[in-house]
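# Geometric and topological summary
The residues making up each chain are set out below.
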Number of protein chains: 2
Amino acid sequence: MAKSPARKTGTRREMISLAAARLFREKGFNATGMRDIADHVGIEAASLYNHIRSKSELLQEICFRVANAFTTQLNELGNKPDLNSLERLEAVLRFHIRMWVEQLDEVMVANNESAYLEEPYNTTFQNERKTYVRQLEQIIEEGIRHGQIRSVKPYVVVLSLLSAVRGIEFWHRTKKNVSIAELESAMVSHLIEGIRTNPSVPGIS
Amino acid sequence: MAKSPARKTGTRREMISLAAARLFREKGFNATGMRDIADHVGIEAASLYNHIRSKSELLQEICFRVANAFTTQLNELGNKPDLNSLERLEAVLRFHIRMWVEQLDEVMVANNESAYLEEPYNTTFQNERKTYVRQLEQIIEEGIRHGQIRSVKPYVVVLSLLSAVRGIEFWHRTKKNVSIAELESAMVSHLIEGIRTNPSVPGIS
């Protein structure tokens, strides 16, 4: 697997952010209080304010950190002219899988709680998401034009790809005997072979 | 499209159940009060108790109605020996898509709020879900043995299928110019071709 998105760890500030992500995910943004976050980190509620101004600030940080990770990776792929559209889409899918494996709390908060972002952040976040989805659709459209991807509806393919990886939440709870590598390989194979022209059975590495 | 799951409509009792599903989905089970439900239906909170005993009873009804719809459909498919495993799996997927299109509130509540079921209902529901997932895995295993499905990890395929359809929530909000028929056809094509042996490009009807 490629390197994971960078994140600093260990500072008090980062511990607060991780605690917020866990609690926002489990209880929801609305039901989480500053006291819950303080308790989770093991500090006094009052000292939280030495590090952050508000609960909203924490939500903003989490949502935009996730959005930035996805956008940055997509931009980096744009600088790799040796990749064709299907390979580009596969790389995006692999990145999503790794984010759901490694940063479950943050990704779920960005998915499920972003509606609670205050303005102007809410609009910014929704716009970024639309741009991101549009860029994925364009990769698929290009792949169809170049004959790497068969004639599919880009809108529906993006919908299915971005949702299929949400199943990884269930994997975290059950795991069974499926390793991360097996999970990634099987999911990529299923979802990429499903749109490849002249698929190469039995699958890609 | 085949006929939708049967549901009686129009009775006060049914209106209460629909209102509860909408509110449990939008606000969450915990944050929804009996008064919210009464307001939504347009009756006095006190008269709610002429129809139901508790909020928990409504959650139970919603969750088990959804679970029964899926289980019944799977059982009916078991009585159709003319279908091979891949066709069976495709029929299951189409049913899931229709449920997400037609009963979004109920399906999302069964997915996201079932953790709030009281015992013994919580355990029953979780067991039913496990059995259902296991049956889908067995269909895939059988399809692999019979050469209709290529060598894939059944656990991961079920994960991807059941999660991909969750993207239909996003379709409800955006829709764009994609009809229900197009949505179903495109999603089925992507997700079924992805596991078919010797896929038939460009897709199934």
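Everything discussed here concerns the structure shown above.
Let me begin by describing the structure that accompanies this report. (Residues numbered from 1 in each chain as written. Chains lettered and ligands numbered in written order. Predicted model: local features only at pLDDT ≥ 70, side-chain atom pairs only at ≥ 80, totals over all residues. Heavy atoms only, no water.)

Here we come to the relation of the copies chain A and chain B. Between the two copies, chain A and chain B, the superposition gives an RMSD of 0.0 Å; the rotation angle is 180° and the shift along the axis is 0.0 Å. Overall, the copies show the geometry of a two-fold rotation axis. Taken together, the interface assignments show that 100% of the residues at the interface of chain A recur at the interface of chain B, consistent with an identical surface on both copies. (Least-squares fit on C-alpha atoms with pLDDT ≥ 70 in both. Contact = heavy atoms within 4.5 Å.)

This part is about the packing of aromatic side chains. Residue and element names in this part refer to chain B. With the rule as written, the count across this model stands at 12 aromatic pairs over all chains. Here the aromatic rings of Phe-70 and Phe-95 are separated by 5.7 Å at their centres, their planes lie at 80°, and the arrangement is edge-to-face. Of this pair, Phe-70 sits in helix 4 (residues 55-78) while Phe-95 sits in helix 5 (residues 85-102), and the two are 25 residues apart along the sequence. Using a relative accessible area of 10% as the deciding quantity, one classes Phe-70 as buried. (Phe/Tyr/Trp six-rings, centres within 6.5 Å; stacked < 30°, edge-to-face > 60°. Helix = DSSP H or I, 4+ residues; strand = E, 2+ residues; numbered from the N terminus. Buried < 20%, exposed > 50% of the residue type's maximum accessible area, 1.4 Å probe, protein only.)

The subject of this paragraph is helix 5 (residues 85-102) of chain A. Taking 1.5 Å per residue as the helical rise, helix 5 of chain A with its 18 residues ought to reach 26 Å, and the 26 Å between its terminal C-alpha atoms agrees with that figure. Of the residues that open helix 5 of chain A, the one with a side-chain oxygen 2.9 Å from the backbone nitrogen of Leu86(A) is Asn84(A). (Expected span 1.5 Å × (residues − 1). Polar contact = N/O pair within 3.5 Å; in protein donor to acceptor, adjacent residues only side chain to side chain.)

With 35 residues of chain A at the interface, the matching set in chain B holds 36 residues. Across the interface of chain A and chain B, roughly 3,100 Å² is buried in total on both sides, 68% from carbon and sulfur atoms. Summed over the three residues of chain A that lose the most area to chain B, namely Arg150(A), Tyr155(A) and His190(A), the buried surface amounts to 23% of that side. At the junction of chain A with chain B, the criterion picks out 2 salt bridges. Here Lys153(B) ties to Glu182(A) by a salt bridge, and the two come within 3.9 Å at their closest N and O atoms. Applying the counting rule to chain A against chain B returns 8 residue pairs in polar contact (both at pLDDT 80 or more). (Buried area = accessible area lost by both parts, 1.4 Å probe. Salt bridge = Lys/Arg side-chain N within 4 Å of Asp/Glu carboxyl O.)

All names here are of chain A. Between helix 4 (residues 55-78) and helix 6 (residues 104-112), the least distance of the axes is 9 Å, while the angle of their chain directions is 100°. Comparing the axis directions of helix 4 and helix 6 gives the class roughly perpendicular. On helix 6, the residues that touch Leu-59, Ile-62, Cys-63, Arg-65 and Val-66 of helix 4 are Glu-106, Val-107, Val-109 and Ala-110. Residue composition of the contact of helix 4 with helix 6, by class: 7 nonpolar, no polar and 2 charged. (Axes fitted to C-alpha atoms, helices over the stretch in contact; angles between N-to-C directions. Parallel < 35°, antiparallel > 145°, perpendicular 65-115°, else oblique. Nonpolar A, V, L, I, M, F, W, Y, C, P; charged D, E, K, R; others polar.)

Distances and angles like these do not, on their own, reveal function.
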